[in-house]
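Spelled out, the chains give:
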Amino acid sequence: MMRVPDYVQKVLGKLEAAGHEAWCVGGCVRDSLLGRTPADWDVCTSALPEETKAALGEMPTAEIGAGYGTITALAGEGPVEITTFRKEGAYSDHRRPDRVAFSQNLEDDLLRRDFTINAMAGHPRRGLRDPLGGQEDLHRKCLRCVGDPLRRFDEDALRILRCLRFAAVLGFEVEESTESALYRLADLLKTVSAERVLGEMDKLLAGAYAEEILKRYADVLGRLFPERICADVASVPPEPDARWAALLKNVPAPEEVLARLRFPKRRQKTVLAHLAGDPLTLSQLQIKGRDLLELGYAPGPRVGEVLHILLRDVQNGVLPNERSALLGALCSPQAKADG
Ligand code: ATP
Ligand code: MG
């Protein structure tokens, strides 16, 4: 089943050797089943944080969210976040549970997760644990809350934005009752911290289905952006800052939006530079797909890729947005070798 990297298997092995239960969980299971490369590997375990540290022995660790029971193992190609199984208490601020109770039960831990496709655990030998039907929803391309969507979005409004982010990245449909809860509770987006809005919006904007989702859920996202953003981002390379610029191109004071979302200073500059400089979109690039065909490119996706590469070079100041320079770059021996 899942191919789990050695450095993650080592973490599982050490926890199990000390008598605990340990599973890969969440996004890494989802992405493995989809054949996508996981961004990071998370492990959940019956071991308490102190027991996790003891079980890992000499392996270097960091304790970022120790209050919530998370130990990060730093031994491998990437950090592995190890979180004790937990059950969550009530939420009173739409952000964080008032109380976190550790549990000895994997199923408790899966029940507190946001969407069914994110609520699966996997193990290289024990297989998949999927009590909520995540795998079926993956096949159906369906985003569905774990439990009652109204309650889950009300508990933590970040989930509203995560839902749209996964829809934009994966191209999934939002299940009906989850979707109606999105609309009903959209106002709660105002309670999400700027830092988390930025983190999720970056991922949403880089998604292959970003434009579709921006258009379809304009009413929901409008609660975060009352200044009428522009949803036409698909013709811009899928890099967050270029896409933020496209999003804000008709906003009278984009710098205010960037400041409000607490963009780091350097990124504010990059986005504003994208906004000031042309071309922002392929349609403004001084050559077209037809020019490439005339140069002998075969019709097909490569034409679009090459145009995006040129667009990026222009945006980065490597090439001027001039027809002769762009044609010259295409005809240079370097371009032929690359292409
Ligand atoms: P990515 O590919 O961006 O890492 P991910 O699904 O792994 O996506 P993470 O933020 O790494 O997202 O979270 C890991 C897992 O933790 C999720 O898959 C989900 O099971 C759970 N999770 C994260 N945020 C929430 C939340 N706000 N509410 C409930 N569960 C959450
Ligand atoms: Mg993850």
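Values in this document were obtained by computation on a predicted structure and should not be read as measured data.

Considerations on helix α14 (residues 265-276)
1) Next: In this model, α14 (12 residues) spans 16 Å end to end at C-alpha, consistent with the 16 Å of a helix rising 1.5 Å per residue.
2) Next: Taken residue by residue, α14 has Arg267, Gln268, Val271 and His274 as its buried positions. Mapping the buried residues of α14 onto a view down its axis gives an arc of 125 degrees, with all of them on the same face. In α14, the exposed positions angled more than 90 degrees off the buried face are occupied by Lys265, Arg266, Lys269 and Ala276.
3) Next: Contacts made by the buried residues of α14 are with α9 (194-206), α12 (240-247), α13 (254-260) and α16 (301-315).

Remarks on the pattern of salt bridges
One side chain can pair with another of opposite charge once the charged atoms of both are near each other.
1) Next: Per the counting criterion, the structure on display carries 31 salt bridges.
2) Next: For aspartate 108, the salt bridge goes to lysine 87, with nearest N and O atoms at 3.8 Å. You can see aspartate 108 sitting in helix α4 (residues 106-111) and its partner lysine 87 sitting in strand β6 (residues 86-88), a full 21 residues away along the chain.
3) Next: For aspartate 202, the salt bridge is made with arginine 267, and the minimal N-O distance between the two is 2.8 Å. Taken as a pair, aspartate 202 in helix α9 and arginine 267 in helix α14 lie far apart in primary sequence, 65 residues in all. Judged on exposure class, the residue aspartate 202 and its partner arginine 267 are both buried.
4) Next: Here the salt bridges share partners, and the residues they tie into one network are Arg86, Glu88, Asp109, Arg112 and Arg113.

Overview of the packing of α16 against helix α17 (residues 323-331)
1) Next: Packing of α16 against α17 leaves a shortest axis separation of 11 Å and a crossing angle of 125 degrees. As far as their axial angle goes, α17 and α16 are oblique. The way α16 lies across α17 gives a crossing that is right-handed. Each of Val306, Leu310 and Val314 in α16 lies in contact with α17, whose residues at this interface are Leu326, Ala329 and Leu330.
2) Next: Among the residues forming the contact of α16 with α17, the class breakdown is 6 nonpolar, no polar and no charged.

What to know about the nonpolar core
1) Next: Grouped together as the largest cluster of nonpolar side chains are 74 residues, with contacts concentrated most on Cys24, Leu143, Phe153, Met201 and Trp244.
2) Next: Here the element with the most residues in this core is helix α7 (residues 158-170); it accounts for 9 residues.
3) Next: In this structure, this core is formed jointly by two domains, domain 1 (1-132) and domain 2 (141-277), each of which donates at least three residues.
4) Next: Excluding residues that lie within four positions of it along the chain, leucine 143 makes contacts with Phe115, Ile117, Cys163, Phe166, Ala167, Phe172, Glu173, Val174, Glu175 and Thr178.
5) Next: Counting 12 residues, the second-largest nonpolar core is a separate cluster that includes Ile287, Val303, Leu319 and Leu330.

A word on the site of ligand 1
1) Next: If you check the shell around ligand 1, you find 17 residues, and the closest are Arg30, Asn118, Asp156, Arg159 and Arg165.
2) Next: Arginine 113 places a polar side-chain atom, nitrogen or oxygen, 3.1 Å from an oxygen atom of ligand 1.
3) Next: At a separation of 3.2 Å, a nitrogen atom of ligand 1 approaches a polar backbone atom of aspartate 114.
4) Next: Listed by contribution, the elements that provide at least two residues to the shell around ligand 1 are α2 (27-34) and α7.
5) Next: Looking at the shell around ligand 1 element by element, the count peaks at 4 residues for α7.
6) Next: Its residues placed into classes, the shell around ligand 1 shows 2 nonpolar, 3 polar and 12 charged.

Side note on the domain arrangement of the protein chain
1) Next: Splitting the protein chain by domain gives domain 1 (1-132), domain 2 (141-277) and domain 3 (282-338).
2) Next: Computed from C-alpha coordinates alone, the two centres of domain 2 and domain 3 are separated by 30 Å.
3) Next: Residue-level contacts link 5 residues of domain 2 with 5 residues of domain 3.
4) Next: Buried surface at the junction of domain 2 and domain 3, both sides included, amounts to about 450 Å², of which 50% is carbon and sulfur.
5) Next: Looking only at domain 2, the three residues that lose the most surface to domain 3 are Ser235, Pro237 and Glu239, adding up to 71% of its buried area.
6) Next: If you look at where domain 2 meets domain 3, you find 1 salt bridge.
7) Next: If you look at where domain 2 meets domain 3, you find 1 residue pair in polar contact (both at pLDDT 80 or more).
8) Next: Along the lines of polarity and charge, the residues of the side of domain 2 that touches domain 3 split into 2 nonpolar, 2 polar and 1 charged.

A few points about the packing of aromatic side chains
1) Next: Throughout the structure, instances matching the rule amount to 5 aromatic pairs.
2) Next: Plain terms: the ring middles of phenylalanine 115 and phenylalanine 153 are 6.5 Å apart, the flat faces sit at 55 degrees to each other, and that makes the pair tilted. With a gap of 38 residues between them, phenylalanine 115 in the loop between α4 and β8 (121-123) and phenylalanine 153 in helix α6 (residues 149-155) connect regions that are remote in the sequence.
3) Next: Phenylalanine 153 gets classed as buried once you look at its relative accessible area, which sits at 0%.
4) Next: Of the aromatic side chains, those joined through ring pairs into one cluster are Phe115, Phe153 and Phe166.
5) Next: Sitting over the face of the ring of phenylalanine 166, arginine 165 holds its NZ or CZ atom 4.2 Å from the ring centroid.

Parameters at a glance
Residues numbered from 1 in each chain as written. Chains lettered and ligands numbered in written order. Predicted model: local features only at pLDDT ≥ 70, side-chain atom pairs only at ≥ 80, totals over all residues. Heavy atoms only, no water. Helix = DSSP H or I, 4+ residues; strand = E, 2+ residues; numbered from the N terminus. Expected span 1.5 Å × (residues − 1). Buried < 20%, exposed > 50% of the residue type's maximum accessible area, 1.4 Å probe, protein only. Arc of directions from axis to C-beta. Contact = heavy atoms within 4.5 Å. Salt bridge = Lys/Arg side-chain N within 4 Å of Asp/Glu carboxyl O. Axes fitted to C-alpha atoms, helices over the stretch in contact; angles between N-to-C directions. Parallel < 35°, antiparallel > 145°, perpendicular 65-115°, else oblique. Left-handed = near helix turned anticlockwise from the far one by under 90°. Nonpolar A, V, L, I, M, F, W, Y, C, P; charged D, E, K, R; others polar. Core = buried A, V, L, I, M, F, W, Y, C linked by side-chain atoms within 4.5 Å. Domains from an automatic or database assignment. Near = heavy atom within 4 Å. Polar contact = N/O pair within 3.5 Å; in protein donor to acceptor, adjacent residues only side chain to side chain. Buried area = accessible area lost by both parts, 1.4 Å probe. Phe/Tyr/Trp six-rings, centres within 6.5 Å; stacked < 30°, edge-to-face > 60°. Lys NZ or Arg CZ within 6 Å of the ring centre and 35° of its normal.

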